[in-house]
Protein chains: 2
Amino acid sequence: MFQAALEDAQDRIETALQSELSGIETTIGDAMRYTCQGGKRLRGFLALESARLHDVSQGTAMSAACAIEMVHAYSLVHDDLPCMDDDDLRRGRPTVHKKWDEATAVLTGDALLTYAFEVLLKADVNPSRQIDLLQALAKAAGPQGMVLGQALDIAAEAAKTPLGIDEITHLQRGKTGALISWSAMAGPRMAGDDTSALEGYADRLGLAFQICDDILDVEGNPEDMGKRLQKDGAANKATFVSLLGLDGAKSRARDLMQDAIDALESYGTEARNLKDAARFVIDRKT
Amino acid sequence: MFQAALEDAQDRIETALQSELSGIETTIGDAMRYTCQGGKRLRGFLALESARLHDVSQGTAMSAACAIEMVHAYSLVHDDLPCMDDDDLRRGRPTVHKKWDEATAVLTGDALLTYAFEVLLKADVNPSRQIDLLQALAKAAGPQGMVLGQALDIAAEAAKTPLGIDEITHLQRGKTGALISWSAMAGPRMAGDDTSALEGYADRLGLAFQICDDILDVEGNPEDMGKRLQKDGAANKATFVSLLGLDGAKSRARDLMQDAIDALESYGTEARNLKDAARFVIDRKT
C-alpha cells in the first residue's frame, strides 16, 4: 500500500520535473534533467501527502514537490564537487562534474536553485500564502538553514575537534532537517492551516533520517546505495553512530520514528502514508 | 549632481546590505558580508531610481536593491572560481576562494542567491506584485537568463569557434543584461505600472555596459579596475571589440547610450539620474 503510493508519487514527480525542465537549452539544461532523474523523492512525497491532508489539489502540491526536489538536487550537485565531498558517484551514476565538468556542476546547481523558485512561483496558491511558502523555502535552504548546516560541517572538519551530540543535532537540523521540514509543512502552508502537527512530525523524521544515514554509512551496501560509503569513519568525523554506538543510534532512530508517528495523531488514519513514510525512513537500505 | 546621487545611493545600499547580513553566523556569514562590500552598485541604483519614478518608497525599493546586489555578488563569487574564470582579484581584493577556500566560495554564492529571495520576500509590496517581481528575478537569474548567458559563454570557449555579433548579443543579454533589466524595471513592477519605457532603456543600457566592459578589458587600467584584464584577447574570445573594432565598439556604445536616454523621454527631467547613469556607464573607467 505505502510502497505503491510512494512509487506512484515518484513516477508523477519524475514526469512533472522533466516536463518543467524540458525547455531549458544548453548543457546546463541537459545536466539539470540528468540530475533530476531517480532518487527516493522523499521530500516530494512529503509535500504531496501533506497537501492531501489539507485538501490542497495534487496539481498545486506538485509545484511544491518539484521545487523541493530541485533544491535537494542542487544541494547534491554542489556537495559532490571536488572542493566539497569530492564524490564521483550519485544514485549509481557519475556525478555532474564527472560526466561533464566542474563549471557545469557549479552552474547546474545554481540553475536548479533559481529554477526551484520559478517553479514554486507558478503554483496556483493565494498570493499571501505563496509568499509565506517561499519565505519558508528561502529560510530552509539558505545560510540559516541548509547552508548553515553545510558550513558547520565544513568548520567541524577543519577544526578537527569532534562535535558533541547537541552540536551534531544542530548541524543536521540545518543540513538535512530544514528541507524535510519544509516539505512536510508545505500542505498546511498552502492551505493557510496550522503547521504545528506536521512540524513536530518532520523535526523527528529529519533527525531519524540523518541517524539512519549515519548507520547506512557504516552498514550499507555501496552498490545498493549508489554512492561511496564509510566516508565519515575515514574522515574521523563525529556522527550519531560514533557518539551513540550502532545499537544506541538504532534505538534513538526507532524512538524518533515513534515520536514522529505520534505527532500525527490528530490526523488519524488519513495520515497513514506519512506514518508509513517514517517507518520507511528507518527501515530503508538505500 | 549625478555623482552625489550615486554616492548617496551606494552608501545607503552598503548600510542596508550589511544590516541585512549582520545576523548570519559562521564563515559563510563573514564571506557574504565581505562580498557585499564595495562595487559600483549600478543595479541597486537603477532599482532605487526606477522606484522613485513610480512613487515607490525608498524603504521598499531598498529590498529590491539589496536583493539584486546579492544576486550580482553571488554570480561574481561563482564566476571567479578556479573552474570558471579563475580570478584571484575582485574589486581590488582577494576573491572569496583565495581569502578562504573553494568550498566557502561555493557555499557563499549559494547562500547569497538564496538570501536575495529572502530579502525580496520581506519587501512591503502588494503580494501579487511581489510575486511578479520574484518571478522576474528568478527568470533573470536562472537558466533562461544569467545562467544561460554563462553557459553559452562556456560553450563558446569550449567550441573554439568565435561567435558572431548576434550570438554575442544574445549571450550578453543573458549574462549581464538580464539583471540590469530587472533592476531598472523593479520600480514600475512594484508599483504595478507599465514597464515598457524602462525595459527599452535597460535593454540598451545593458548592451552598452557590456560593450564598455569589452573596451575596458583592452584599454582599462587593472589597478583602477581592481581585477585582471585582457583575459578575452588571451583566451582568443570573440568580443564586441574583436568583432566591431575599438572605434566601432565605442561608436556602438554611444548610439546605445543615446537610444537608452531617448527611451526615457516620457519621464522628462524626472529621469535625469537614469539618463546620467547611461552616460556614466559608457564614460566609466572602472
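Residue numbers restart at each chain and count upward from 1, following the sequence in its written direction. Numbering of ligands from 1 and lettering of chains from A proceed in the order in which they are written. Whole-chain, interface and lining totals are the exception, using all residues; otherwise, since this is a predicted model, local features are given only for residues with pLDDT of at least 70 and side-chain atom pairs are given and counted only at 80 or more. Side-chain figures throughout are based on the complete set of non-hydrogen atoms in the structure, without hydrogens or water.

Participant: Tell me about the interface of chain A and chain B, and please be specific about residues and values.
Facilitator: Tallying the contact residues gives 42 residues for chain A and 42 residues for chain B. Summed over both partners, the accessible area (1.4 Å probe) lost when two parts come together is defined as the buried area. Of the roughly 3,600 Å² buried between chain A and chain B on both sides combined, carbon and sulfur atoms contribute 74%. When the area that chain A buries against chain B is broken down by residue, the three leading residues are A:Leu107, A:Leu121 and A:Pro143, summing to 16%. Whenever Lys or Arg places a side-chain nitrogen within 4 Å of a carboxyl oxygen from Asp or Glu, that contact is recorded as a salt bridge. Counting the contacts that link chain A with chain B gives two salt bridges. Note that B:Lys139 is salt-bridged to A:Glu118, the shortest N-O span being 3.5 Å. Put simply, DSSP H or I for four residues or longer makes a helix, DSSP E for two residues or longer makes a strand, and each gets a number counted from the N terminus. Every element with two or more residues in the side of chain A that touches chain B is listed here: helix H2 (26-35), helix H4 (58-79), helix H6 (102-121), helix H7 (127-141) and helix H8 (146-159) of chain A. Of the residues forming the side of chain A that touches chain B, the biggest block, 12 residues, is contributed by H6(A). Any residue outside Ala, Val, Leu, Ile, Met, Phe, Trp, Tyr, Cys, Pro, Asp, Glu, Lys and Arg is labelled polar, Gly included; the first ten of those are nonpolar and the last four are charged. Taken together, the residues of the side of chain A that touches chain B break down into 26 nonpolar, 10 polar and six charged. The contact definition used throughout considers only heavy atoms, calling two residues in contact when any of these lie within 4.5 Å.

Participant: Quick one: what's the story with the pattern of salt bridges, residue by residue and with numbers?
Facilitator: Under the criterion given, the structure shown has 33 salt bridges over all chains. The shortest N-O distance in the salt bridge between B:Asp8 and B:Arg12 comes to 3.1 Å. Separated by four residues within a single helix, B:Asp8 and B:Arg12 lie in helix H1 (residues 2-21), roughly one turn from each other. For every residue, the accessible area (1.4 Å probe, protein chains only) is compared with the maximum for its type, and the residue is labelled buried under 20%, exposed over 50%, or partly exposed between those bounds. Overall, the relative accessible area of 39% leaves B:Asp8 in the partly exposed class. One salt-bridge network, held together by shared partners, links A:Asp153, A:Glu157, A:Lys175 and A:Lys237.

Participant: An account of unusual backbone geometry is needed here, citing residue identities and associated values.
Facilitator: Residues and elements named next belong to chain A. Positive phi is not limited to glycine here, since Asp 86 has a value of about 55°. As for its position among the elements, Asp 86 is in the loop between H4 and strand E1 (89-90). If you check the backbone angles, Arg 91 has positive phi at about 50° while not being a glycine. Within the secondary structure layout, Arg 91 lies in the loop between E1 and strand E2 (93-94).

Participant: Before we move on, could you go through the packing of helix H3 (residues 42-53) of chain A against helix H10 (residues 196-219) of chain A and cite the residues and values that matter?
Facilitator: Packed helix pairs are specified by the crossing angle of their axes together with the interaxial distance, meaning the distance between the axes. Residue and element names in this part refer to chain A. Think of each axis as a best-fit line through the C-alpha atoms, taken over the contacting stretch in the case of a helix, with angles from 0 to 180 degrees between the N-to-C directions. Taken N-terminus to C-terminus, the directions of H3 and H10 make an angle of 165°; their axes are 13 Å apart at the nearest point. Classified by the interaxial angle, the pair formed by H3 and H10 is roughly antiparallel. Of the two elements, H3 crosses H10, and the hand of that crossing is right-handed. Two secondary-structure elements touch here, H3 through Leu 42, Arg 43, Leu 46 and Ser 50 and H10 through Leu 198, Tyr 201, Leu 205 and Phe 209. A per-class count over the contact of H3 with H10 returns six nonpolar, one polar and one charged. We call two directions roughly parallel when the angle between them is under 35 degrees, roughly antiparallel when it is over 145, roughly perpendicular when it lies between 65 and 115, and oblique otherwise. Definitions for this section: a left-handed crossing has its near helix turned counterclockwise from the far helix by less than a right angle. A right-handed crossing has that turn clockwise.

Participant: Please give an account of the relation of the copies chain A and chain B that cites residues and values.
Facilitator: We superpose the copies by least squares over the C-alpha atoms of residues that have a pLDDT of at least 70 in both of them. Of the transformation superimposing chain A on chain B, the axial component is 0.0 Å and the angular component is 180°, with the fit at an RMSD of 0.0 Å. When the rotation and shift are considered jointly, the pair of chain copies conforms to a two-fold rotation axis. Nearest to the rotation axis, the C-alpha of A:Pro127 is located 2.8 Å from it, this being the minimum over chain A. Interface overlap between copies: 100% of the residues of chain A at the interface are likewise at the interface in chain B, consistent with a symmetric, same-surface contact.

Participant: Let's hear about H6(A): which residues, and what values?
Facilitator: Residue and element names in this part refer to chain A. Here, expected helix span is obtained from the residue count minus one, scaled by 1.5 Å. Its 20 residues place the ends of H6 29 Å apart at the C-alpha level, agreeing with the 28 Å of an ideal helix rising 1.5 Å per residue. Counting buried positions along H6 gives 19 out of 20 residues, so the element sits mostly inside the fold. Counted as a polar contact is a pair of N or O atoms within 3.5 Å, where, for protein atoms, one must be capable of donating a hydrogen and the other of accepting one, and residues adjacent in sequence contribute only when both atoms are in side chains. N-capping of H6 is provided by Asp 101, with a side-chain oxygen placed 3.4 Å from the backbone N of Ala 103.

Participant: Break down H2(A) for me, with residues and values.
Facilitator: A large share of H2(A) lies buried, amounting to seven of its 10 residues. Buried residues in H2(A) make contact with helix H1 (2-21), H4, E2, helix H5 (96-99) and H6 of chain A together with helix H8 (146-159) of chain B.

Participant: Go over the side chain of B:Thr95, please, and point to the residues and values.
Facilitator: Residue and element names in this part refer to chain B. The residue Thr 95 is located in the loop between strand E2 (93-94) and helix H5 (96-99) in this model. On the basis of relative accessible area, Thr 95 is assigned to the buried category, the value being 3%. Setting aside its immediate chain neighbours within four residues, Thr 95 contacts Asp 80, Asp 87, Asp 88, Leu 89 and Arg 90.

Participant: Report on the nonpolar core, specifying residues and quantitative values.
Facilitator: Core analysis: the largest hydrophobic core is formed by 209 residues, its most contacted members being A:Trp182, A:Tyr201, B:Trp182 and B:Tyr201. When neighbours within four sequence positions are excluded, A:Tyr201 is seen to be in contact with A:Leu46, A:Ala184, A:Ala260, A:Ala263, A:Leu264, A:Leu274, A:Ala277 and A:Ala278. We call a set of buried Ala, Val, Leu, Ile, Met, Phe, Trp, Tyr and Cys residues a nonpolar core when their side-chain atoms join them within 4.5 Å.

Participant: Can you tell me about the environment of A:Ser242, naming the residues and giving the values?
Facilitator: All names here are of chain A. For Ser 242, the location among the structural elements is in helix H13 (residues 240-263). A relative accessible area of 48% places Ser 242 in the partly exposed class. Along the sequence, Ser 242 and Glu 223 sit 19 residues apart, while their C-alpha atoms lie 23 Å from each other. Side-chain polar atoms of Ser 242 contact the backbone nitrogen of Thr 239, separated by 2.8 Å.

Participant: An account of the environment of A:Gln258 is needed here, citing residue identities and associated values.
Facilitator: Residue and element names in this part refer to chain A. Note that Gln 258 resides in helix H13. According to the relative accessible area criterion, Gln 258 is partly exposed, its value standing at 37%. As a C-alpha pair, Gln 258 and Arg 12 span 246 residues in sequence and 29 Å in three-dimensional space.

Participant: I'd love a proper account of a negative patch on the surface, names of residues and values included.
Facilitator: Residues and elements named next belong to chain A. Within the patch definition used here, like charges are joined within 9 Å and nonpolar side chains (Val, Leu, Ile, Met, Phe, Trp, Tyr) within 5 Å, considering only residues with over 30% relative accessible area and no salt bridge. Throughout, the Shrake-Rupley method with a 1.4 Å probe supplies accessible areas, and for residues the shown protein chains are the sole cover considered. By the counting scheme adopted, Arg and Lys are positive, Glu and Asp are negative, and His together with the chain ends is not counted. The atom standing in for a charge is NZ when the residue is Lys, CZ when it is Arg, CG when it is Asp and CD when it is Glu. A contiguous patch of negative charge on the surface is contributed by Asp 255, Asp 259, Asp 262 and Glu 265. Residue position: Asp 262 is located in helix H13. With a relative accessible area of 42%, Asp 262 lands in the partly exposed category.

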